[in-house]
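Each chain, letter by letter, is given below.
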4 protein chains.
Amino acid sequence: MPKIDSNVAAERYPSVRRLTEQLAEPLSAEDCSIQSMSDASPTRWHMAHTTWFFETFLLKQLPGYVSPSPQFEQLFNSYYNSVSELFDRSRRGCLSRPNMDEVREYRKHVDSLVRENLESGKFNDHQLAVLEIGINHEQQHQELILTDIKHGLACSPLLPTYRESVSENYADADASEIEWVDGPDGLVSIGHDGEGFSFDNESPRHLFHLVPYQVASRTVTNAEFLQFMQDGGYSRPEFWLSAGWDAVQSNDWSAPLYWKKAGDEWENFTLAGPRPIAMNEPVCHISYFEADAYARWAGCRLPTEFEWEAMVDSLSIKPDSGCWSDQLISANQAIHPRALVQNHGFDHAFGNVWEWTSSQYSAYPGYAPPPGALGEYNGKFMCNQFVLRGGSCATPQGHIRSTYRNFFPADTRWQFSGIRLGR
Amino acid sequence: MPKIDSNVAAERYPSVRRLTEQLAEPLSAEDCSIQSMSDASPTRWHMAHTTWFFETFLLKQLPGYVSPSPQFEQLFNSYYNSVSELFDRSRRGCLSRPNMDEVREYRKHVDSLVRENLESGKFNDHQLAVLEIGINHEQQHQELILTDIKHGLACSPLLPTYRESVSENYADADASEIEWVDGPDGLVSIGHDGEGFSFDNESPRHLFHLVPYQVASRTVTNAEFLQFMQDGGYSRPEFWLSAGWDAVQSNDWSAPLYWKKAGDEWENFTLAGPRPIAMNEPVCHISYFEADAYARWAGCRLPTEFEWEAMVDSLSIKPDSGCWSDQLISANQAIHPRALVQNHGFDHAFGNVWEWTSSQYSAYPGYAPPPGALGEYNGKFMCNQFVLRGGSCATPQGHIRSTYRNFFPADTRWQFSGIRLGR
Amino acid sequence: MPKIDSNVAAERYPSVRRLTEQLAEPLSAEDCSIQSMSDASPTRWHMAHTTWFFETFLLKQLPGYVSPSPQFEQLFNSYYNSVSELFDRSRRGCLSRPNMDEVREYRKHVDSLVRENLESGKFNDHQLAVLEIGINHEQQHQELILTDIKHGLACSPLLPTYRESVSENYADADASEIEWVDGPDGLVSIGHDGEGFSFDNESPRHLFHLVPYQVASRTVTNAEFLQFMQDGGYSRPEFWLSAGWDAVQSNDWSAPLYWKKAGDEWENFTLAGPRPIAMNEPVCHISYFEADAYARWAGCRLPTEFEWEAMVDSLSIKPDSGCWSDQLISANQAIHPRALVQNHGFDHAFGNVWEWTSSQYSAYPGYAPPPGALGEYNGKFMCNQFVLRGGSCATPQGHIRSTYRNFFPADTRWQFSGIRLGR
Amino acid sequence: MPKIDSNVAAERYPSVRRLTEQLAEPLSAEDCSIQSMSDASPTRWHMAHTTWFFETFLLKQLPGYVSPSPQFEQLFNSYYNSVSELFDRSRRGCLSRPNMDEVREYRKHVDSLVRENLESGKFNDHQLAVLEIGINHEQQHQELILTDIKHGLACSPLLPTYRESVSENYADADASEIEWVDGPDGLVSIGHDGEGFSFDNESPRHLFHLVPYQVASRTVTNAEFLQFMQDGGYSRPEFWLSAGWDAVQSNDWSAPLYWKKAGDEWENFTLAGPRPIAMNEPVCHISYFEADAYARWAGCRLPTEFEWEAMVDSLSIKPDSGCWSDQLISANQAIHPRALVQNHGFDHAFGNVWEWTSSQYSAYPGYAPPPGALGEYNGKFMCNQFVLRGGSCATPQGHIRSTYRNFFPADTRWQFSGIRLGR
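Since the model is a prediction, treat every value here as computed from it, not as a measurement. (Residues numbered from 1 in each chain as written. Chains lettered and ligands numbered in written order. Predicted model: local features only at pLDDT ≥ 70, side-chain atom pairs only at ≥ 80, totals over all residues.)

(A) Spatial organisation of the interface of chain B and chain C. Residue-level contacts link 25 residues of chain B with 25 residues of chain C. Broken down by element, the residue count for the side of chain B that touches chain C peaks at 4 residues, all from strand S3 (residues 206-210) of chain B. Of the residues in the side of chain B that touches chain C, the class split is 13 nonpolar, 10 polar and 2 charged. (Contact = placed C-beta atoms within 7 Å. Helix = DSSP H or I, 4+ residues; strand = E, 2+ residues; numbered from the N terminus. Nonpolar A, V, L, I, M, F, W, Y, C, P; charged D, E, K, R; others polar.)

(B) Highlighting the environment of Glu307 of chain D. Residues and elements named next belong to chain D. Note on placement: Glu307 falls in helix H9 (residues 305-315). Put simply, Glu307 and Gly183 are 124 residues apart on the chain and 7.0 Å apart in space, counted from C-alpha to C-alpha. Not counting residues within four places of it along the chain, the set of residues in contact with Glu307 comprises Gly183, Leu210, Tyr213, Val215 and Gly422.

(C) Inspection of the pairing of strand S9 (residues 386-389) of chain C at higher detail. Residues and elements named next belong to chain C. Side-chain alternation along S9 places Phe386 and Leu388 on one buried face and Val387 and Arg389 on a second face that is also buried. Strand direction decides the pairing type here: strand S8 (residues 354-360) and S9, joined by 3 bridges, are antiparallel. The partner of Trp356 across the bridge, within S9, is Leu388. Both S9 and strand S10 (residues 406-408) contribute to a ladder of 3 bridges, which runs antiparallel. By the bridge assignment for S10, Phe386 is matched with Phe408. (Buried ≥ 20, exposed ≤ 12 C-beta atoms within 10 Å, placed from the backbone. Pairing = 2+ DSSP bridges.)

(D) Quick look at the UniProt feature "domain: DinB-like" (unreviewed entry) in chain A. UniProt tags residues 16-145 of chain A as "domain: DinB-like" (unreviewed entry). Each end of residues 16-145 of chain A is marked by a C-alpha atom, and these two atoms are 14 Å apart; helix forms 53% of the span and strand 0%. (UniProt positions renumbered as here; feature names shortened; annotations may be inferred.)

(E) Representation of the arrangement of the chains. In this view chain A stays clear of chain C, with the nearest C-alpha atoms of the two still 14 Å from each other. With no contact between them, chain B and chain D keep their nearest C-alpha atoms 14 Å apart.

(F) Spatial organisation of the relation of the copies chain B and chain C. In the superposition of chain B on chain C (RMSD 0.0 Å, axial shift 0.0 Å), the rotation amounts to 180°. Such a combination of rotation and displacement between the chain copies is what one expects of a two-fold axis. Rotation axis and chain B: the residue whose C-alpha lies nearest the axis is Asn384 of chain B, separated from it by 2.3 Å. Both copies present the same face, since 100% of the interface residues in chain B are matched by interface residues at the equivalent positions in chain C. (Least-squares fit on C-alpha atoms with pLDDT ≥ 70 in both.)

(G) Quick look at the pairing of strand S6 (residues 265-270) of chain C. All names here are of chain C. Across 4 bridges, strand S5 (residues 259-262) lies against S6 in antiparallel orientation. Directly across from Lys261, in S6, lies its bridge partner Trp266. Hairpin connection between S5 and S6: a loop of 2 residues separates the two successive antiparallel strands, and Gly263 in this loop has a positive phi of roughly 70°. Pairing of S6 with strand S7 (residues 273-276) involves 4 bridges; the strand directions are antiparallel.

This is how it looks when you write it as structure tokens:
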């Protein structure tokens, strides 16, 4: 198990933890309490759960540690059956206690102990590795805080704002032309090479055989998706998987999540409130089913996760743009996908919208989950999920990489998920 | 339409409104946000909805009134189809805005206008009548605030406390013996006589023919209900209505709501947290189905609402005890049913536990709902509900009377509902 | 317990049993197997269940009786918890065995023993009383065979025919004018007087106080109901009970059951297949909710069951017409409500359509279910049901009377149920 | 598109069609009508649907063909959205017409026309290709007739028999020892090579890279699965996928489908009725979740579909045993998995139990569904399904091959599905 350097951790831990609190700042105690569906959790729960992670997998493993709030073990356990009984996930919004002040206290308590141990060099290698998982875990929940509060606020007829923000204005610009880029084929290496942090599901690195393919230079725009809609996309079963067609019918889908007709125009709900659809922005908040149906309508297909990874690796794209950071937040920049108006050959592979791949999430050859409760982190979800790649505008900077495998069920729409075509 | 005297209203309105806020005082913003089931609403919603009631049915009828928050029309409309579209009742817990501060502002805004108009004598008779309905409506929601927060807090494994409180201790006292009291039979008058306020469903007063009957001098105790349980009450279909037996199976009922086994003993969740079952207290938080099954097990039956009313009227029982008031709250008394240790011939008819009657809720002969939206207040619920009489410990003082008809579906358990036997 | 005369029974038993088989004659083995919803049962099941009733409550009580098929005890027990475990009611359509031939064998076996005992005078008074209940029970299931197969056949896009039939043709006749008839008021006697057979729920006969009222001389026609529909009846919440409005929404009701638009015209599915709506026939296959909404739209209300009974008793109407009989079936007459084209003052109180009353089904004062399993026959359903009076065209002759109380949940539509207005 | 030889087809078509009718012979009209769950269909429906397939995709394409029963288009269309509206799949059991006699007529009508055209050589190559798909399609439904009637009969407390049968008796024999067989690794060819018939989803044949692996020489026995159960397999979340654990909880699984405790012993429901579990037979009727959990418990994993195919191809195993045929049926042999008592190195790869692989069902590189309605045959199901390989005892002889990809959702249990371990 690779591990984070102790000094690096001493800097990274508090800064990541601080970012979580920064995300909650625009929100009232009431905002932090809402749970609009089972898949989403209250902000306050996220803040407690990420803390619980460090307490459970790090502090509680230290000799002599006594938890000040042993009842949190059950309340803030997300899905680790081997740790404790689970509190019903769909009822997190019914928990009013601990309240925000108490959760902040809990965070402080855990933070001070983690930092104390870190600074005094008391963590062994295994513990440093767990700490690094915890930091990355906290980042995952930062993204969920944003997607979950967006979903929660969208439930109110008031359509309230998470945070007013400024955004670059590309209203007049056309989206770039799609170009078809050849990716490497034949035997390629897939999976993480062990340099730096990665999750268990990115390993082992292994050979994979690819037949020749091409991937689009940018993701699909709102304008293009509107054409699909106007061509009857949502009412023509020939474009849809069988389960996708069922989902369209039973959920009455006729547009991406958060789209609403305002008079003759489509409007989009964003973290800064409602605003007209920007035609040059990537279509977003769509399910796998919609991505797949769009691709079939367009006479293309979705790339596999292996094609995606091989392509991106071959282009040596740096995952350093797009994602938000504390600077972006301090500058009051919008947390929203950027317009697709430039053409650098292969645009916004990282940090704009998660890109659905046609790959169902499964184990790499030789994969074994780590022993103990952390083995439940990724492995037990390898069923009925599709892989997304690349991160989104809601992903924190420093979290994403080319081998990163996100996964969600095919009907998931509340993540910042979009479409990159392959063929 | 009878109406409240303007001077009385000028005193009563602010005092009732203040009580609502007093009820919310022990609660955090987070507590005021939870909705633990469709039937229950967040405290904050109750506080806004009761205010909406005055704004909608009183202020908005005044010439020149402009609402500062027109969007609240939909958010806080409970069930008045003729006023506006309804916001999904089961998702009130997803509304984080307006938050508590904003709801308190809203209350102040409405209160100051209502008081201004009241004090300057600007309300006409109809408006005073509506105001009186609004005051009684607010009292109904005060009871719901208590029952709903009790349900909400009970969802948390922490079993938190609404408010610490003191309660009279009758631990050593035996419950009084049940005596069977003869009620008036033959032709009796049922329904409100028009003196003072009543809801539309208590009218018209009319003759009803009763055959001889008896009613128990007190409600059923926890000790007695435990005997039913120990005799297999929850597993013997012969005691249950067909729909009741279905409810037992599908909800896995084996004890009243809020009862839990703690080792060998039964514990009860109260507004002051968990505590051991007191054997001499009335059984409470049971459904009609359980009340009816208990009665059948006991070789008795439930009284009809007509028997109940005729009996209580004949005994001239004053509805002035039991219910809570600001004094009781200031004195930090428990909001919990009192032990049944005294015998005054016919005890605790008012303000201890709502008493299920065998009467399905329907219109009195000649009943007509008032015209307009307020016609939706009571009449449209006359289907699949049973009548309860007498008020509970969660009913505010001054709200209950002998002709008062509360009603809930047969499987309702979260109200303070108990059993008085008849035969 | 009154009892049937042994000689009468010796004639009545085989004739009623034969009628059941006559009803099944137009049906194939496949038709007799379908169950289109939980509330409906396959014809074959009805034929076995009614037989089970005689076997269980009569033959099995005789000394020395050994059942040839003890497994039928569970299969064909409808809802008698005290007899045996119940087979899931909604899965009766999954039982392919015993098949029709075997069920007919079962019927023969039971019939021959019942007749043998009857003819040899071996049944005691109690057993004769049970036998009479069984005969009336069989008649109830005859009606259900017809309503259930109608529902089952209606599920098929083929809209197949139960039986071709002839019907009187009144196409050109106008419906009679509605007249408002005064019923007896003050103290009236309600319930069965003990002469001849009645079910337990019709007793005890007791006094009931009625205020003055009127009842319409005939039931509501299709033409009148169409006006309600054209006036937006199904889309205006002001006419509906709250639960009724929910039912309209969630079931997407916009017309009575079995109505379908065929081009510009409405068509009705009947036991003889689809045919155009006859304007002068009574509206039929509507729920309590629709009956109640129609009445409110029409500025009237539904009568109570007490008003209905007092009215019909006062007019000495004989329940001998309308219902079907073996003559009617042999003559190939339609089983369908007759047109309302005559005016005899108070028309078709019996045997045309069941008439929804505003009375929720509950016990008469002093009612006690009989001891033993037969106590489950009626009493345990006194919850969330409304009373219907008068029988329908699907009720067999000799089964209905003025005190007869049928009951169904408020959203029931597959019975031949219609509307008679009161005010 | 490869096509069947006209002369071969002239022999094969009637013989396969006849087998379907042979399968229905032991069943009554009532048996052929039951639908015990949405996933299963009545025998009669299968017989009509397979006929509809030939009529729709073959006869209706012939000039001048007029269907004698155009309404069947909707009734017997399974899932081809591009052909017609679909009749609700879960309500096939509600269709009593056409009955068995009429369905047999329908079969004769289609058969005589197909044979006529075949014999006169009127089918072109495309039509012969469609005919061959239809024959293979009919075989798939033969298997479903068996699995569906097994499920249907199992619903009855009578536990009736599909057909009495004889089976080889291996009661005393031990299962063979599991041996671990090395499969070919590195770059292997996967998919059908174009010789003879295959479904579209088996193509294109392509290279796949495999790391070294081993596969067990036989499938898991009932004895071995019992050890898993006795070790708490069904109550220990650590063995289960997250969705699998949910399925265990919500379905209350504690043993394979059709297992029931009879006293101290486990009993199995078979097509010949209930009988004691044979310890040396393969565990069967288990979901992917159970297969996967068992593998984890055993310290192994399931093979991928690529490993399975490469292994079986490398061993040149002939798919000619196991599956049933008309001889087997005429000889009254049991349709039931055979005991695992022999060891030929790699046993019963074909025709005993379907073997769950860890591969989620997805498109081979370059896969494109055929144009037109037949494109809906396989491609639209590539989501949330796992691949099974090898066929079962319910698969007809001549239908299975090493590249054959069967697929079902992970919670499917009513197929004859078992476990072969890999590592």
